[in-house]
Amino acid sequence: MESAGDTNKETLFSYEDNDDTRYSRASHVTKVSMLLNFLLTAFKFAAGILGNSSAMIADAAHSLSDFITDIAVIVGLKIAKKPRDSTHNYGHGKIETLAAAFIGLVLIAAAFGIFWGGLQKVITFYQGESLPEPSKIALAAAAISIVLKEWLYRYTIECGRELKSDAVIANAWDHRSDALSSVGTMLGIGGAIFLGGKWVVLDPLAAIVLSFFIFKVAFDVSYKNLNELLEASLDSETYRNIERVLDSTEGVLGFHELKTRKIGNAMAADVHIEVDRDLNIVDAHEISTQIENRLKEVCGNNGHFSIHVEPCPDSKYYDKNTSRTNNRTRL
């Protein structure tokens, strides 16, 4: 199975349609998700209560957290599509990252709640108190949830990757974690129903096991997006691609102070390049323009690139082979 951390490189490149189209498509898939999550939440709570299943009630709470994060994604995407202004010169793309980080934190809270609820049931059981045996309506609800949430995951992840949206991709992983939790719920409820007796404890035990799966996904999503909010550098492969562009551009004798980061679904890079000190300003500017255009081919048209041109300290003895080994610093 893929991990949430695998989405890093997939979300680095810009979506080529305009922001309104991007928001419209992302909003549509999230609204579909929101509707299904609302219906699943109500159905699971009813099935958990009527079917005497703590695992199903915990699963319903997870679906409720999905519904809440759907709202957060829609709000985040709506703000993120706003154009840059005098107070936000790089646009509002960080809101999308913030929404994705929020989803991860909500998932962590949901995982802890599911773990604590299941643990209390297990402790109660081993203290001698009986647990009600879950009924088949809870088992049916788990099976339906697995099918719907796995479909929703595939639908959302495909859209999120196409739109290069961290928030939509994070929401897709939220759906996958719900599908996984429903698998565990179904196994726990099924074991409690068909084995009976002391095996009714499988129901709350399933809830505890599921909480660890949910926590793992939540941690991956939170770490990635909180790291971006802290201005983390781009992944090493993308960084090397930027270096290759700088190394292979005619007229660039060296470069240093290369810094990269992500702003929403856009990439940003700042770099100092060294050129022949005898070049006139027009030729030097042409080199920086060429670099910017080549970086857009690699990183997307909505990237933010700042290229500072400096005269080479000694163009007679300073060549590109030296610059590659001695003049490059990654911060």
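The structure this text deals with has already been given above.
Throughout what follows, the structure given in this document is the object of discussion. Going along each chain's sequence as written, the residues are numbered from 1 onward. Selection of residues for local features in this predicted model requires a pLDDT of at least 70, selection of side-chain atom pairs for listing and counting requires 80 or more, and totals for whole chains, interfaces and linings are taken over all residues. Excluded from the side-chain calculation are hydrogens and water; included are all heavy atoms of the structure.

1. Quick look at the nonpolar core
Buried residues of nine kinds, namely Ala, Val, Leu, Ile, Met, Phe, Trp, Tyr and Cys, make up a nonpolar core once their side-chain atoms join them within 4.5 Å. Relative accessibility under 20% of the residue-type maximum defines a buried residue, over 50% an exposed one, and the middle range a partly exposed one, all with a 1.4 Å probe and only protein chains included. In terms of nonpolar packing, the biggest core is built from 21 residues, with Leu-107, Ile-157 and Trp-173 touching the most fellow members. Residue contacts for Ile-157: discarding those within four places in its chain leaves Ile-169, Ala-172 and Trp-173. Among the nonpolar cores identified, the runner-up in size contains 20 residues, and Leu-234, Val-252, Leu-258 and Ala-269 belong to it. Contacts were defined at the residue level, with two residues in contact if any of their heavy atoms lie within 4.5 Å.

2. Side note on the packing of helix 5 (residues 166-195) against helix 6 (residues 202-229)
Two measures define how a pair of helices packs: the angle their axes make with one another and the distance between the axes. Fitting a line to C-alpha atoms yields each axis, with helices limited to the stretch in contact; the angle taken between N-to-C directions then spans 0 to 180 degrees. By definition, any uninterrupted DSSP run of H or I lasting at least four residues is a helix, any uninterrupted run of E lasting at least two residues is a strand, and each is numbered from the N terminus. It is at 7 Å that the axes of helix 5 and helix 6 come closest, and there the two elements cross at 170°. In terms of their interaxial angle, helix 5 and helix 6 are classed as roughly antiparallel. Angles are sorted into four bins: roughly parallel if under 35 degrees, roughly antiparallel if over 145, roughly perpendicular if 65 to 115, and oblique for all others.

3. So, the environment of Trp-199
Inspection of the secondary structure puts Trp-199 in the loop between helix 5 and helix 6. Classification of Trp-199 as partly exposed rests on a relative accessible area of 39%. For the pair Trp-199 and Gly-188, spaced 11 residues apart in the sequence, the C-alpha separation amounts to 9.1 Å.

4. Structural notes on the packing of aromatic side chains
A pair of aromatic rings is counted whenever rings of Phe, Tyr or Trp (Trp by its six-membered ring) have centres within 6.5 Å, and the orientation is called stacked for planes under 30 degrees apart, edge-to-face for over 60 and tilted otherwise. Tallied over the entire structure, the rule returns 6 aromatic pairs. Both rings, one in Phe-38 and one in Phe-67, keep their centres 5.8 Å apart while their planes meet at 50°; by these two values the pair is tilted. You can see Phe-38 sitting in helix 1 (residues 19-50) and its partner Phe-67 sitting in helix 2 (residues 54-80), a full 29 residues away along the chain. Given the relative accessible area of 46%, Phe-38 is considered partly exposed. Arranged with centres 5.2 Å apart and planes meeting at 10°, the rings of Trp-151 and Tyr-155 form a pair that is stacked. Here Tyr-155 and Trp-151 lie together in helix 4 (residues 136-163), a separation of 4 residues that amounts to about one turn.

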